[in-house]
Amino acid sequence: MGCSSSLPDRSSRRLSGLGNPESNGVPDAKNLRVKLVLLGDSGVGKSCIVLRFVRGQFDPTSKVTIGASFLSQTIALQDSTTVKFEIWDTAGQERYAALAPLYYRGAAVAVIVYDITSPESFNKAQYWVKELQKHGSPDIVLALVGNKADLHENREVPVQDGMDYAEKNGMFFIETSAKTADNINQLFEEIGKRLPRTPPS
Amino acid sequence: MLLSLVSRRSLEVDTRDSYGFALRPQHVQRYREYARIYKEEEEERSEKWRIFLENQKESNQFCSSEEEPRQILQAAELREETISVRGQEGDYSSGRRSNFHGSEECDHYKEAQLADAPEKEVQYLEEQQKEQSSAEPGKEVQLSKEPEKEDQNSKELEQVVHHLGEPEKEVQLSKEPKEDKLLLKQSKAGKVQTWYGIRQSLRALEKMMSSRVKHTKNMKDNQITASRDHILSTKDAKLGGQAKDVEEDVCVKDTFDEKVKKTTEENTADNENSLELFFPWKEELVFLVHGGVPKDLRGEVWQAFVGVKARRVERYYEELLAEETDADESEDHGNSTDVARKWKRQIEKDLPRTFPGHPALDEHGRDSLRRLLLAYARHNPSVGYCQAMNFFAGLLLLLMPEENAFWTLVGIIDDYFDGYYTEEMIESQVDQLVFEELMRERFPKLVNHLDYLGVQVAWISGPWFLSIFVNMIPWESVIRVWDVLLFEGNRVMLFRTALALMEIYGPALLTTKDAGDAITLLQSLAGSTFDSSQLVFTACMGFLAVNEAKLQELREKHRPAVLLLVEERSKENRVWKDSKGLASKLYSFKHDPGSITEEKNNGEGGNSDFESPSSNLDALLGSPNVETEADLLPNLQDQVVWMKVELCRLLEEKRQAILRSEELETALMEMVQEDNRRQLSAKIEQLEQEVADLQQALSDKKEQEAAMLQVLMRVEQEQRITEEARETAEQDAAAQRYAVTILQEKYDKAMASLSQMEQRVVMAESMLEATINYESGQAKAHSPRSGHNQSSAEETPGRSMSLLKFGLGWREKVKGKPNHESAHSISSNEGKDCSTWQKESKD
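Below or above, wherever it landed, is the structure these notes cover.

Reading guide: rules and limits
- Per chain, residues are indexed from 1 in the order of the written sequence.
- By the order in which they are written, chains take letters starting at A while ligands take numbers starting at 1.
- Only residues with pLDDT of at least 70 get local features here, since the model is predicted, and only at 80 or more are side-chain atom pairs given and counted; chain-wide, interface and lining totals rely on the full set of residues.
- The side-chain numbers reported here are obtained from all heavy atoms of the structure, hydrogens and water having been left aside.
- For helices the rule is a DSSP run of H or I covering at least 4 residues; for strands it is a run of E covering at least 2, with both sets numbered from the N terminus onward.
- The buried label goes to any residue with under 20% of its type's maximum accessible area, the exposed label to any with over 50%, and the partly exposed label to all in between, with areas taken from a 1.4 Å probe on protein chains only.
- Only heavy atoms enter the contact rule, under which two residues are in contact if any of them lie within 4.5 Å.
- Throughout, the Shrake-Rupley method with a 1.4 Å probe supplies accessible areas, and for residues the shown protein chains are the sole cover considered.
- Throughout, the accessible surface (probe 1.4 Å) given up by two parts as they are put together, summed over both, is called the buried area.
- Whenever a carboxyl oxygen of Asp or Glu lies within 4 Å of a side-chain nitrogen of Lys or Arg, that contact is scored as a salt bridge.
- Distance and chemistry together define a polar contact, namely a pair of N or O atoms within 3.5 Å, with one atom able to donate a hydrogen and the other to accept it when in protein, and with adjacent residues in sequence counting only for side-chain atoms on both sides.
- The arc in question is the one spanned by the directions pointing from the helix axis to the C-beta atoms.
- Here the aromatic set is Phe, Tyr and Trp, taking the six-membered ring for Trp, and pairing holds for ring centres within 6.5 Å; pairs whose planes are under 30 degrees apart are stacked, those over 60 apart are edge-to-face, and all others are tilted.
- Helix axes are fitted to C-alpha atoms over the stretch in contact, other axes to C-alpha atoms as well, and angles between N-to-C directions run from 0 to 180 degrees.
- Every angle not falling under 35 degrees, over 145, or within 65 to 115 is termed oblique; those three ranges are roughly parallel, roughly antiparallel and roughly perpendicular.
- As a working rule, the residues Ala, Val, Leu, Ile, Met, Phe, Trp, Tyr, Cys and Pro are called nonpolar, Asp, Glu, Lys and Arg charged, and the rest polar, with Gly in that last group.
- Expected span of a helix, by definition, is 1.5 Å for each gap between consecutive residues, and there is one gap fewer than residues.
- Only residues whose relative accessible area exceeds 30% and that form no salt bridge are eligible for patches; like-charged ones are grouped when within 9 Å, while nonpolar side chains (Val, Leu, Ile, Met, Phe, Trp, Tyr) are grouped when within 5 Å.
- By convention a nonpolar core is built from buried Ala, Val, Leu, Ile, Met, Phe, Trp, Tyr and Cys residues, the set being connected through side-chain atoms within 4.5 Å.

What to know about the overall build of chain A
Check the secondary structure of chain A and you find five helices and six strands. Listing each helix as α and each strand as β along chain A from the N terminus yields β-α-β-β-α-β-α-β-α-β-α. Buried positions account for 59% of the 201 residues belonging to chain A. Nonlocal contacts in chain A, meaning residues at least 24 apart in sequence, comprise 74% of its contacts between residues at least 6 apart. Of the accessible surface of chain A, which amounts to about 8,100 Å², a share of 50% is contributed by carbon and sulfur atoms.

Put into structure tokens, the structure is as follows:
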């Protein structure tokens, strides 16, 4: 259900999800299938990022995520490869971290989200980076995302801090806004470009 | 209580179901189809329950008068009740809803209502005011406390009070403006704690279910509360006495073994037996519950199931709420405020995200929800606030008053889901392992397929279990599952429902071809499980073998693995948190050196929370401080409180010490293992060396062998060559022999022809001789001439002889050996010739 809706105003390069290229289940170098997990403090907008990316919607009062929820979306890159993202959106509360390994184990990509208006969430993001460096797949692609960029008047985490931290840890960094859809597609396209081109068998 | 509001308003909004919850756009159509079925089912079950409750009332009256003669008053009252119900029999036709209430509600209140509605309203208003005034600081007069405090005699009075819950609905039907005002009043009075007992007709049910509560409670009392916060444990102790009083009143009969320390299993078994004994209608009830609880009864029936009345401790809820202000004012117990602040922040974050847009959760609804969640967090600090509870509390608030919802939540989280929503979520992780095993046992084919796709069952079932299906399946189904779950009083229904979903959707899942598709499909299929009856019956009938005993057994089996993981995790996190803690301490020290003592307190508090190994040190540092504090404490009571706090802290430390010793033990084991490993690795190295040597030798041997082989080959080749040479030689020899024989033949032929020629020569000679003889005879006859003839005749044989001798000589020259013979034969021939010639000449 996650990939059924396709809005007309969305980028024309986006495929409507259901006609995904590897419905035969055999991914190849041109059609990648990628497990992606979203991590980060509660209320930083993980679910909103996914909903914006997959359905093109934004709901300011979305539900609390319990455990984790799953959506998938396929995009086409410029080099005509398609990437099917299988996205696990995890619960943010601290104690749910106990269940996180279940979801990030075997993930090819981890997107760690913080809220640019909350230094605490930035701290939490750093915790997640460390955890993934320790326990994630060794060749995992890490992305650090500062969300709620539209609230720049309340900004408390400078862009530079995010950039510096990401650079230090070999991550890809971007600031997004699920509300205005700023950089959301770019985030996933960039991730797509960074994926190793030989699919894991 | 809020639900009644909802059901009216929600009709206006298309995309919400009859509970006021949002429907997904793709489900609106299907929901409409099922709404009709739901309505039919609802009518059917309302009727069934009505009959059941009526029958039960009668039997109950019978039972109670027989069993408990001392409660004559109550029995009398019950009789009165049935009479009054009969009196209202004619009322049933006047609309199902009010009718339903009419049948169940009783005595004074009902009569008053029937006789004189306005009067009743006044009464209600009075009650309302009374309640509000009682909610003021003193709060001495709690409306609902009578039944427990005083004797059963006061039941009648209590009933009047108890029906305070109903008027809201009743009045709504008839006089809406009035009701609105009342509601407004009620909500304005911010701190009013609404608690209502449930209707009389459900009392027996409540009694039955409460007997279950008692035991678990006893157990809890005994286990006391290493995890509980200082203040609260003292509060528990304070309230413990009261709680026991309550229990004694409520309990049906004290036939059970009061000595605690029972396992839960034994308890349930005990309960089963006793329930069978005292409540012969239990079986019927099980059937009814599987069929669903009628909407109008649900709130109260759920409370009865959870045993809210038995759990309730007077004034506990208000005190929990009052704590908030205390905590804000005094910062003594730094630890509790610190943690509480964290919960509070999380709750605030989640309030607007709990059933967003639900018509009942307006500002007041959210205030209610906030109070409820905060109260629970303070009640049980080992859980505090966990996401998911916001949904449970929200759901409960839609069905019952605030304090009732609180106690129901307490029952669910403390009892049914004990250990599920705590900081480590251990039981929830254990349950996932258990569920996976059950899946493997029940649906091996499906699990194999999921394994093949790389999908873990827990990815999907985890959120199901944690949310108790809220937001995972349609609301009608959620609530039907809750009906059974709350009735059964354990998590069995959780497993059965999940298994039922897998059974229903398993075949579809088998057709999926990648992980994403499988998960998406299962999510969306589960989300459209509108056939709630099918789901509940599949769950309850199809998986009878999945029962509490089996689950407990499996849990025991899987728990150690989870504990191990959790421990590892907590070790890591401690390091992380400690380093952070130090940094922040340093920071605040730099900025505000004066606050160092406060820091110490905070440190203490924080440690009790995440079991830092350094807490011992902190405690040592803190204790001198604390001792002086103790002297300063104003009175004995405070000292007692303080001592209790201290005791709890010490207990906590002891626990930590034990934990640490365990850790050290495991570390030691590891070291020992490490040591063994070193020896082993040395041995392995040695062995490897030997193996390498052997391999070297082997390869040398092989080389030699190869060389030998080569030599052998060469020899063989030579042999072959000589053989060939020999063969050619033999061939030559044969050829030569052949040539010899040919020559021999030729020689023989030649000899043969020679002898022929000789014979011819002899013949010619003899002929010649004969001729000569004849001629000489002739000449003798002619005598003169005979001399001449003689001499010429003698001359001629000499010539022929010499000719012959020449031929012989040539022959001897050509042939060596056979010469003799031939010479001999020739000579003999010659001799013969000569003799014949001599004989002739003699003649």
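Picking up where we left off.
Comments concerning the overall build of chain B
When helices and strands are tallied, chain B shows 34 helices and zero strands. Looking at chain B as a whole, 46% of its 843 residues are labelled buried. Looking at chain B alone, contacts between residues at least 24 apart form 78% of all its contacts between residues at least 6 apart. Accessible surface for chain B amounts to roughly 44,100 Å². Of this, 57% is attributable to carbon and sulfur atoms.

Section: the interface of chain A and chain B
Every contact between the two is made by 46 residues of chain A and, on the other side, 47 residues of chain B. Between chain A and chain B, a total of about 3,800 Å² is buried, with carbon and sulfur atoms accounting for 52% of that surface. Linking chain A with chain B are five salt bridges. With a shortest N-O distance of 3.6 Å, arginine 95 of chain A and glutamate 423 of chain B are connected by a salt bridge. At the boundary of chain A with chain B, the tally comes to 19 residue pairs in polar contact (both at pLDDT 80 or more). Every element with two or more residues in the side of chain A that touches chain B is listed here: β1 (31–40), β2 (68–76), β3 (82–90), α2 (100–104) and α3 (119–135) of chain A.

Let's talk about the pattern of salt bridges
According to the stated counting rule, one finds 42 salt bridges over all chains in the structure shown. The shortest N-O distance in the salt bridge between arginine 155 of chain A and glutamate 175 of chain A comes to 2.7 Å. Residue arginine 155 of chain A is found in the loop between β5 (141–147) and α4 (159–168), and its partner glutamate 175 of chain A is found in strand β6 (residues 172–175); the two are separated by 20 residues along the sequence. Of the residues examined, arginine 155 of chain A reaches a relative accessible area of 27% and is grouped as partly exposed. Here glutamate 190 of chain A and arginine 194 of chain A are joined by a salt bridge, their closest N and O atoms 3.3 Å apart. In this pair, glutamate 190 of chain A and arginine 194 of chain A are both assigned in helix α5 (residues 184–194), four residues apart and thus about one turn of the helix distant. Using a relative accessible area of 22% as the deciding quantity, one classes glutamate 190 of chain A as partly exposed. Via salt bridges that share partners, Glu427, Asp431, Arg491, Glu548, Arg555, Glu556 and Arg559 of chain B belong to a single interconnected network.

So, α4 of chain A
All names here are of chain A. Every buried residue of α4 is listed here: Gly162, Tyr165 and Ala166. Summarising the axial view, the buried residues of α4 lie within an arc of 100°, below the 170-degree limit, and thus occupy one face. Along α4, exposed side chains directed more than 90 degrees from the buried face belong to Glu167 and Lys168. Those residues of α4 hidden inside the fold are in contact with β4 (109–115), α3, β5 and β6. Positive phi appears at glycine 170, one or two residues downstream of α4, with a value of about 65°.

As for unusual backbone geometry
Residue and element names in this part refer to chain B. One non-glycine residue, phenylalanine 355, adopts positive backbone phi at about 45°. Residue placement: phenylalanine 355 occurs in the loop between α18 (334–350) and α19 (363–379). Look at phenylalanine 355 and you get buried, because its relative accessible area is 5%. At methionine 425, a residue that is not glycine, the phi angle is positive and equals roughly 55°.

Some words on the packing of aromatic side chains
All names here are of chain B. A full pass over the atoms with the stated rule returns 33 aromatic pairs over all chains. Centroid distance phenylalanine 435 to phenylalanine 495: 6.3 Å. Interplanar angle 50°. Geometry classified as tilted. With phenylalanine 435 in helix α22 (residues 426–442) and phenylalanine 495 in helix α26 (residues 492–509), the pair connects residues that are 60 residues apart, well separated along the chain. Judged by its relative accessible area of 0%, phenylalanine 435 falls in the buried class.

Structural notes on the environment of alanine 143 of chain A
Residues and elements named next belong to chain A. Its location among the elements puts alanine 143 in strand β5. When the C-alpha atoms of alanine 143 and valine 111 are compared, they prove to be 4.7 Å apart, with 32 residues separating the residues in sequence. When residues no more than four places from it in sequence are discounted, the contact partners of alanine 143 are Ala110, Val111, Ile112, Met171, Phe172, Leu187 and Ile191.

Digging into the side chain of threonine 176 of chain A
By the secondary structure assignment, threonine 176 of chain A is in the loop between β6 and α5. Sequence-distant contacts of threonine 176 of chain A, defined by excluding residues within four places in its chain, comprise Ile49, Val145, Gly146, Asn147, Lys148, Ala149, Asp182, Asn183, Ile184 and Leu187 of chain A.

Topic: the packing of helix α15 (residues 295–306) of chain B against helix α20 (residues 389–399) of chain B
To characterise two packed helices, one gives the angle between the axes of the helices and the distance between these axes. All names here are of chain B. At a minimum axis distance of 8 Å, the contact between α15 and α20 shows a crossing angle of 120°. What the angle tells us is that α15 and α20 run oblique. Here Arg298, Gly299 and Trp302 of α15 come into contact with α20, specifically with Leu395, Leu396 and Leu399. A per-class count over the contact of α15 with α20 returns four nonpolar, one polar and one charged.

Section: the environment of glutamine 303 of chain B
All names here are of chain B. Looking at where glutamine 303 falls in the secondary structure, it is placed in helix α15. A residue is classified by how much of its surface remains accessible, and glutamine 303, at 4% relative accessible area, is buried. Sequence separation between glutamine 303 and leucine 399 is 96 residues, and the spatial gap between their C-alpha atoms is 9.9 Å. In this structure glutamine 303 touches Tyr196, Ile198, Val308, Met400, Pro401, Asn404 and Thr408, once residues within four positions along its chain are discounted.

Things to note about helix α25 (residues 475–488) of chain B
Residues three or four positions apart in an α-helix share a direction because the helix packs 3.6 residues into each turn. Residue and element names in this part refer to chain B. Taking 1.5 Å of rise per residue, 14 residues should cover 20 Å, and α25 covers 20 Å from first to last C-alpha, within 8% of that figure. Of all the 14 residues making up α25, 13 are buried; the element is thus mostly covered by neighbouring parts of the structure. Where α25 terminates, the next one or two residues include glycine 489, which has phi positive at roughly 75°.

Focus: a nonpolar patch on the surface
On the surface, a nonpolar cluster with roughly 330 Å² of combined accessible area is contributed by Leu709, Leu712 and Met713 of chain B. Inspection of the secondary structure puts leucine 709 of chain B in helix α32 (residues 636–781).

Some words on the nonpolar core
Among the nonpolar cores identified, the biggest contains 163 residues, and Phe392, Tyr421 and Trp464 of chain B are the most heavily contacted of them. No other element matches α26 of chain B, which puts eleven residues into this core. For phenylalanine 392 of chain B, the residues in contact, after removing those within four places along its chain, are Leu409, Ile413, Tyr421, Leu466, Ser467, Ile468, Val470 and Trp482 of chain B. Ranked by size, the runner-up nonpolar core spans 30 residues in total, among them Val83, Ile174, Leu187 and Phe188 of chain A.

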